[in-house]
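Take a look at the letters that make up each chain.
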Amino acid sequence: MYRMYGGVVLRLEPDVILGKYNPAELYKARATAEETLTQIKNDIKTSLDYFNSTSYTFDSKAKDYYWSKAATEMLAGEVYLWSGKVSTDNHAATPADVATAATYFDNVIKNYGYKLQPDYFSVWTESHNSESIYSICYSDEDDAVYYTYPPQLFPLA
């Protein structure tokens, strides 16, 4: 939403769950692009802090179906790359963010055993391949739940 609109409404408290139903109380003004980007970066930092504060590792061949530190670092790289290259509303592109993005991308390559597949088509046809950081399960080979088969991923004969 940030890439499309810049500033968006930031709802950080579950007001309705807390019993606030009055529309006048629920109204929030749109945040600036800089405020929105700051919140996104803070959320990424919080996710990284949670991963850094525990030694928990998910041991499964289906680990790419779950959010991970590698997925957080990949998202961080994308956010910082965008922030470093694109000015949005009141946010001016910050070239130093490009170097931060490169650090996150390097971490993903060096620390988690991911690498590019030699054949692009195999990214879509081989589950749990070396390029999949975060995937949606569309097969039952892992006894995972799935809801639809994506025929658009495979060429029609």
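Everything below is about the structure shown above.
Residues numbered from 1 in each chain as written. Predicted model: local features only at pLDDT ≥ 70, side-chain atom pairs only at ≥ 80, totals over all residues. Heavy atoms only, no water.

Details of the packing of aromatic side chains
Definition in use: Aromatic contacts are taken between Phe, Tyr and Trp rings whose centres are within 6.5 Å, Trp giving its six-membered ring; a plane angle under 30 degrees counts as stacked, one over 60 as edge-to-face, and the others as tilted. A run of H or I in DSSP becomes a helix once it reaches four residues, and a run of E becomes a strand once it reaches two; helices and strands are each numbered from the N terminus. Think of it in three bands: with a 1.4 Å probe and only protein chains considered, a residue is buried below 20% of the maximum accessible area for its type, exposed above 50%, and partly exposed in between.
Across all of its chains, the model carries 1 aromatic pair by this definition. Aromatic side chains Tyr80 and Tyr104 sit 5.7 Å apart centroid to centroid with 40 degrees between the ring planes, which places their arrangement in the tilted category. In this pair, Tyr80 sits in helix H4 (residues 69–85) while Tyr104 sits in helix H5 (residues 96–111), placing the two residues 24 residues apart along the sequence. Judged by relative accessible area, Tyr80 falls into the buried class, the value being 15%. On the basis of relative accessibility, which here comes to 17%, the residue Tyr104 falls in the buried class.

Considering H5
Heads up, the condition is: Take the number of residues in a helix, subtract one, and multiply by 1.5 Å to get its expected span. In this description, one arc is meant: the one made by directions from the helix axis to the C-beta atoms. Whether two residues touch is decided by their heavy atoms; if any such pair falls within 4.5 Å, the residues are in contact.
Helix length check: H5, at 16 residues, gives a terminal C-alpha distance of 23 Å against a target of 22 Å (1.5 Å per residue), a fit within 8%. Of the residues making up H5, those classed as buried are Asp97, Ala101, Tyr104 and Val108. All buried residues of H5 fall inside an arc of 60 degrees around its axis, so they share one side. Along H5, the residues that are exposed and aim more than 90 degrees away from the buried face are Ala96, Ile109, Lys110 and Asn111. Each element contacted by the buried residues of H5 is listed here: helix H3 (33–52) and H4.

What about the side chain of Asp97?
Structurally, Asp97 is set in helix H5. A residue is classified by how much of its surface remains accessible, and Asp97, at 9% relative accessible area, is buried.

Topic: the pattern of salt bridges
Stated precisely, the cut-off is as follows: In the sections that follow, a salt bridge refers to a side-chain nitrogen of Lys or Arg positioned within 4 Å of a carboxyl oxygen of Asp or Glu.
Within this structure, the stated rule accounts for 4 salt bridges. Here Lys20 and Asp15 are joined by a salt bridge, their closest N and O atoms 3.9 Å apart. Classification of Lys20 as partly exposed rests on a relative accessible area of 37%. Classification of Asp15 by relative accessible area gives buried; the value is 9%.

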